[in-house]
Amino acid sequence: MSSLNSVGGGSARSIFLKGPSFTLENFSNKDFIVRDFIEDLAESAVPVNRRSGPAHQAFDSKPLIRTFENALSQLASLSDELGEKETDLLTSVRRAEIQHDQTLETLGRKLDQSIDSFETLDSSLNGSSGTNGNDRNGRPDGGGNVAVQIGERLEDLDKQRRRALDATFLIQCWIEVSENGQLTSLEDMIRRQGSGENKVRSAVIARQLMRMSQRLDPASWAQTNGAKKVNGVSNGVVGYRGHNTREIIEKFSETLEKDLLKQFDDSYRRQNFDDMLECAKVLHDFNGGSSVVALFVNQHQFFIDRSQLITDEVTTDNETWEKLADPDSDPPGVEPSLQSLIDEIRVVMQDESFIIKRAFPYYEVVLIKFIQRIFQQSIQQRLEMVLEKADTISSLAFLRSLHASRSYINNLIEDLKAHGLTEHPDACSAQTALSLDQQLDELFVPYLVGNSYIDRERKSLEELYSSLLFKYTIYHSRRKKVPTGFMASLAQQGTQLLSSAKDTYINRLDSSELTPTQKAMMLRVAGLRDTDKNKNEIEVTDEDGVLSIPNAKRMLKWLAEGVRRALELGSGSDTPKDVSALLNLLLTSMGQVYVETALDAAADQATAQETTKTEPDIAYLPSLQPAITITNIMSRFINTVLIRLAESNTTVRRGMEIQTKAGVERIESKTNNIIRSTLTVVLNWITKLLANQKKMDFRPKDSDLDGGRYLEMLQSATCQSICSFLNRVATLAAQAIDGQNLEVFSCELALNVRDLLFEHFKKFQVNATGALMVTKDISKYVSTLKDWPLTKDAEGSVEVLSEIGNLFIIGPEALRERSRTFAPGGASKKLQKADFKAFIVKRDDSGTVGIQSVLAGL
């Protein structure tokens, strides 16, 4: 700032200092800052010459004071001026508010007047012309809505006018076709106004003309089937006034139908559903809608695209086909190309059902036609290709493919039902659901009709079983010797089954119908090589003739897979019959060919050793354990799975129960016979060993006592050999049977051995020294027998043997005391009087007075 006047905005310079000058505009500027304003005032109050003078000059505050006093006075005047302007503005605002309230009040009164006028007009329209009373508001109670009545009347008049125009035009068309043989008006209407609405109207008129022709021109309809046209007239038949109106109208209708179909197709491509619906309605009146339905279904892009792919070969890789033919591997599932087709159909059906419902008035009929075309053309052709390919792989591959395909297609059916299709989001209608189920059934009828499916299933299992048991049957057929005598008839059936199982495998393997994959599978299951040409000369080992629980489990696993397929592929009514057929196969293959053959072999070995002169080899005994285990597994599977599935048919179920019971009882009977035969073998050999007991074993001479060799012996040689043999029997028996069966076998054998020993020691003279050996032998016999799982009664019976040794050792007084405690007659756990006497007389001192007195006291 160069001078004080610059602050006030003045332009003349004066010798006297003047204060700054302000207006309201100085403070209205948006850039006004109080701090800058104060600084400008203070800066302008100090003269220039003082600002640059010496620093020691005293500060003069008067100019600064005058400047600020002047500024304050101007600010006060400006404040007064501002207050006056604010007062004027507030007064204007109050005046405007009063005017606004008056305007609102005026408008409100005018609105009330308008409402009253409207109510008055409404009352006048609804008011009655008679003497009706008033309502609760005092307004006339109208007897009818005059405005609505007028509107309805106008609408009726418009309809009558339209009908009159249509009738006029229809009569005009009939005159043209009957007199001139042309439909010029209709053709001109379509030509001039080729809109979809006019085509629909023309179709309706053509249909009406056809009815008129039937009534007014019956001569045109008096034509036989197969009539020939001559010069455009069928058989020369001339109708009304020289023209065949029927043919003329039909020709026009055909042309119009083609136009409507083209219009429908164009509308479909533009997704104009309303126009499609109108065309479909008219065409439905023409021919029931068959032409438009055929157009929609046959020309659908899905069928056009798929028709080019339907000839594609099934391209599943060889590894998948091999897994499909391998009975020990899990089925790989549905074939990929069929799966892709079904997945695409699921999407197409859901999308097209939306269009069908909007484009057709009879949409459910169209949907069913579309479903039929989908299943009978696309799915059926691909399914046949997949199954034909699977059939060239193996019978099991065919069955697995059939099952997987039906399961996947059934899932498609259930998904479509749940989606609802045209009824989406609700479930589909009962008629649509029935159609879907029918299409599914018809797809698989050729493969499931009659017994064709279960026969395939049974044949496949027979091939697997005969392959698995081939070496087993060869081993036992070579071992099996036809017995003579009474047993010949009993063994004949088993021999025939073995021969049949072996021949079935060989014949099937040599069959020209067998595919390379199936042949390789059968050889692998049988454990053979393709180089083994002569199947009757295959070398087998003893291991091939032994029962195998893992093999039995494989057989049941294969059967369980077949049962699952039978349940899902067959109908509920056929299930009992199907599982009965599979039960028969199981009882024959596993029960008779497998288990009973092993039992027959064990029985032959047991019977052959009943009269052996050497120590019997009862190594056959452990073979009972797998036979029993396999039988239990088989029986449990039958009762848990097969018989329960046949509960719906009481006759079949009872037959299966009887058949199962007979098969299991036959196995149990053969097992019991082997056990009984084993008891006979063991007891016969023990009897033979006891017969070899030397008479002097319990009456040694004094020469035998030299050196103490006799007294150092633990048991006699006979006792040692018998106990060793019994220990081997116990070990093998424990490997063959367990639980209560082992306990019964052990008790039976122990009691018989006890009886043999009871009678055995009655045959030998015993001196005082030999009595020690008797005691040692009996102690060994008792301890050996008690190591077996015996009941308490059996243990008590065995303990009786211990008393025999005491009878040869104790003196006369003790014998006399013992003779007073005989058990009552018939008791088997204690010595009887006859036994007591028989043992006493074998003592060397039985002739002494003391012993004789004991015998006399008996």
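Residues numbered from 1 in each chain as written. Predicted model: local features only at pLDDT ≥ 70, side-chain atom pairs only at ≥ 80, totals over all residues. Heavy atoms only, no water.

- In the annotation of an unreviewed UniProt entry, the entry for the protein reads Exocyst complex component Sec10, and the organism field reads Cadophora malorum.

## Structural notes on the overall build of the protein
Here is step 1: From N to C terminus, the protein includes 34 helices and two strands.
Here is step 2: In the protein, which comprises 858 residues, the proportion classed as buried is 40%.
Here is step 3: Long-range pairs, those at least 24 residues apart, make up 74% of the contacts in the protein with a sequence separation of at least 6.
Here is step 4: When the accessible surface of the protein is totalled, it reaches about 47,200 Å², and 51% of it is carbon and sulfur. (Helix = DSSP H or I, 4+ residues; strand = E, 2+ residues; numbered from the N terminus. Buried < 20%, exposed > 50% of the residue type's maximum accessible area, 1.4 Å probe, protein only. Contact = heavy atoms within 4.5 Å. Areas by Shrake-Rupley, 256 points an atom, 1.4 Å probe, with all protein chains shown as cover.)

## A look at the pattern of salt bridges
Here is step 1: What the rule picks out here adds up to 36 salt bridges.
Here is step 2: With its nearest N and O atoms 3.0 Å apart, the salt bridge here joins K670 to D600. Highlighted residues: K670 in helix α26 (residues 650–691) and D600 in helix α24 (residues 575–608), separated in sequence by 70 residues.
Here is step 3: One salt bridge connects R699 with D844, and the closest N-O pair in it is separated by 3.3 Å. Highlighted residues: R699 in the loop between α26 and α27 (709–712) and D844 in the loop between α33 (833–840) and α34 (849–857), separated in sequence by 145 residues.
Here is step 4: D844 sits in the partly exposed class, given a relative accessible area of 35%.
Here is step 5: Counted as one network, the salt bridges with shared partners bring together D326, D328, R524 and R554. (Salt bridge = Lys/Arg side-chain N within 4 Å of Asp/Glu carboxyl O.)

## Focus on the environment of A619
Here is step 1: Along the polypeptide, A619 turns up in the loop between α24 and α25 (624–645).
Here is step 2: When its relative accessible area of 46% is taken as the criterion, A619 is described as partly exposed.
Here is step 3: On a C-alpha basis, the gap between A619 and R728 in space is 9.7 Å, while along the polypeptide they are 109 residues apart.

## A few points about a nonpolar patch on the surface
Here is step 1: Taken together, the side chains of I150, L154 and L157 make up a nonpolar region of the molecular surface, amounting to roughly 280 Å² of accessible area.
Here is step 2: In this fold, L157 is placed in helix α6 (residues 146–180). (Patch = residues over 30% accessible without salt bridge, like charges linked within 9 Å, V, L, I, M, F, W, Y side chains within 5 Å.)

## Observations regarding the packing of aromatic side chains
Here is step 1: Counted according to the given criterion, the structure contains 13 aromatic pairs.
Here is step 2: A centroid spacing of 6.3 Å and a plane angle of 25° characterise the contact between Y465 and W558, whose relative ring orientation is stacked. Separated by 93 residues along the polypeptide, Y465 in helix α19 (residues 452–468) and W558 in helix α23 (residues 549–569) bring together distant segments of the chain.
Here is step 3: In this structure W558 comes out as buried when scored by relative accessible area, which is 2%.
Here is step 4: Chaining the aromatic ring pairs together yields one cluster made of F264, Y268, F296, F360, Y362 and F370.
Here is step 5: The cationic tip of R406 hangs over the ring face of F444; the distance from NZ or CZ to the ring centre is 5.8 Å.
Here is step 6: Here the basic side chain of K762 rests over the ring of F839, its NZ or CZ set 5.9 Å away from the ring centre. (Phe/Tyr/Trp six-rings, centres within 6.5 Å; stacked < 30°, edge-to-face > 60°. Lys NZ or Arg CZ within 6 Å of the ring centre and 35° of its normal.)

## What about the side chain of T718?
Here is step 1: Residue position: T718 is located in helix α28 (residues 717–736).
Here is step 2: T718 gets classed as buried once you look at its relative accessible area, which sits at 8%.
Here is step 3: For T718, the contacting residues outside a window of four places in its chain are L689, L690, N692, Q693 and Y781.

## So, the nonpolar core
Here is step 1: L209, F296, F360, F375, L586 and L749 are the most contacted members of the largest nonpolar core, which has 195 residues in total.
Here is step 2: Residue contributions to this core peak at 14 residues, all from α24.
Here is step 3: Those residues within four positions of L209 in sequence are excluded, and the remaining contacts are L170, C173, W174, L183, L186 and I249.
Here is step 4: Core analysis: the second largest hydrophobic core is formed by six residues, L24, F37, A71 and L78 among them. (Core = buried A, V, L, I, M, F, W, Y, C linked by side-chain atoms within 4.5 Å.)

## What about the side chain of Q74?
Here is step 1: With respect to the helices, strands and loops of the structure, Q74 is situated in helix α5 (residues 62–126).
Here is step 2: When residues no more than four places from it in sequence are discounted, the contact partners of Q74 are P20, S21 and F22.

## Looking at helix α30 (residues 768–786)
Here is step 1: Its 19 residues place the ends of α30 27 Å apart at the C-alpha level, agreeing with the 27 Å of an ideal helix rising 1.5 Å per residue.
Here is step 2: Among the residues making up α30, those that are buried are T769, G770, A771, M773, V774, D777, I778, Y781, V782, T784 and L785.
Here is step 3: For α30, the side-chain oxygen to backbone nitrogen distance between the N-cap and T769 is 3.2 Å, and the N-cap itself is N767. (Expected span 1.5 Å × (residues − 1). Polar contact = N/O pair within 3.5 Å; in protein donor to acceptor, adjacent residues only side chain to side chain.)

## Observations regarding the packing of helix α20 (residues 470–479) against α24
Helix packing for two helices is described by the angle between their axes and how far apart those axes are.
Here is step 1: For the pair α20 and α24, the least separation of the axes is 11 Å and the interaxial angle reads 30°. Classified by the angle between their axes, α20 and α24 sit roughly parallel to one another. Remark: the crossing between α20 and α24 carries left-handed chirality. Across the interface between the two elements, Y472, T473, H476 and R479 of α20 pack against V593, Y594, T597, A598, A601 and D604 of α24.
Here is step 2: Within the contact of α20 with α24, the residues separate by chemical class into five nonpolar, three polar and two charged. (Axes fitted to C-alpha atoms, helices over the stretch in contact; angles between N-to-C directions. Parallel < 35°, antiparallel > 145°, perpendicular 65-115°, else oblique. Left-handed = near helix turned anticlockwise from the far one by under 90°. Nonpolar A, V, L, I, M, F, W, Y, C, P; charged D, E, K, R; others polar.)

## A short note on the confidence of the model for the protein
Here is step 1: Per-residue confidence for the protein averages 82 on the pLDDT scale, and 83% of its residues sit at or above 70.
Here is step 2: Per-element mean pLDDT across the protein ranges from 38 in helix α1 (residues 4–8) up to 96 in α25.
Here is step 3: Across residues 128–133, where pLDDT falls below 50, the model places seven contacts with residues more than four positions away in sequence or in other chains. (pLDDT = per-residue confidence, 0-100.)

## Some remarks on the layout of surface pockets
Here is step 1: By volume, the second largest pocket amounts to about 440 Å³.
Here is step 2: I628, E668, T671, N672 and N741 are the residues nearest the centre of the second largest pocket, which is lined by 17 residues in total.
Here is step 3: Looking at which element gives the most residues to the lining of the second largest pocket, the answer is α26, with eight residues.
Here is step 4: Along the lines of polarity and charge, the residues of the lining of the second largest pocket split into eight nonpolar, six polar and three charged. (1 Å grid on protein atoms, 1.4 Å probe; cavity = no way out; pocket = protein on both sides within 12 Å on 5 of 7 lines; lining within 4 Å. Points joined across faces, edges and corners; volume = space filled by probe spheres on them.)

## Looking at the environment of G857
Here is step 1: Its location among the elements puts G857 in helix α34.
Here is step 2: What makes G857 exposed here is its relative accessible area of 64%.

## Side note on unusual backbone geometry
Here is step 1: P425 follows H424 through a cis peptide bond whose omega is 10°.
Here is step 2: Summarising the element assignment, P425 is placed in the loop between α17 (395–419) and α18 (430–448).
Here is step 3: Backbone geometry places Q271, a non-glycine residue, at a positive phi of 60°.
Here is step 4: Relative to the assigned elements, Q271 resides in the loop between α10 (245–270) and α11 (273–287).

## Regarding the environment of A526
Here is step 1: With respect to the helices, strands and loops of the structure, A526 is situated in helix α22 (residues 516–526).
Here is step 2: Given the relative accessible area of 6%, A526 is considered buried.
Here is step 3: Spatially, the C-alpha atoms of A526 and L464 are 8.7 Å apart, while their sequence positions differ by 62 residues.
Here is step 4: Look past the residues within four positions of A526 in its chain and what remains in contact with it is S467, F470, K471 and Y505.

## A word on helix α3 (residues 34–44)
Owing to its 3.6 residues per turn, the α-helix aligns residues three or four sequence positions apart on the same side.
Here is step 1: Taken as a whole, α3 has its buried residues at F37, L41 and S44. One face of α3 carries all of its buried residues, which in axial projection span an arc of 75°. (Arc of directions from axis to C-beta.)

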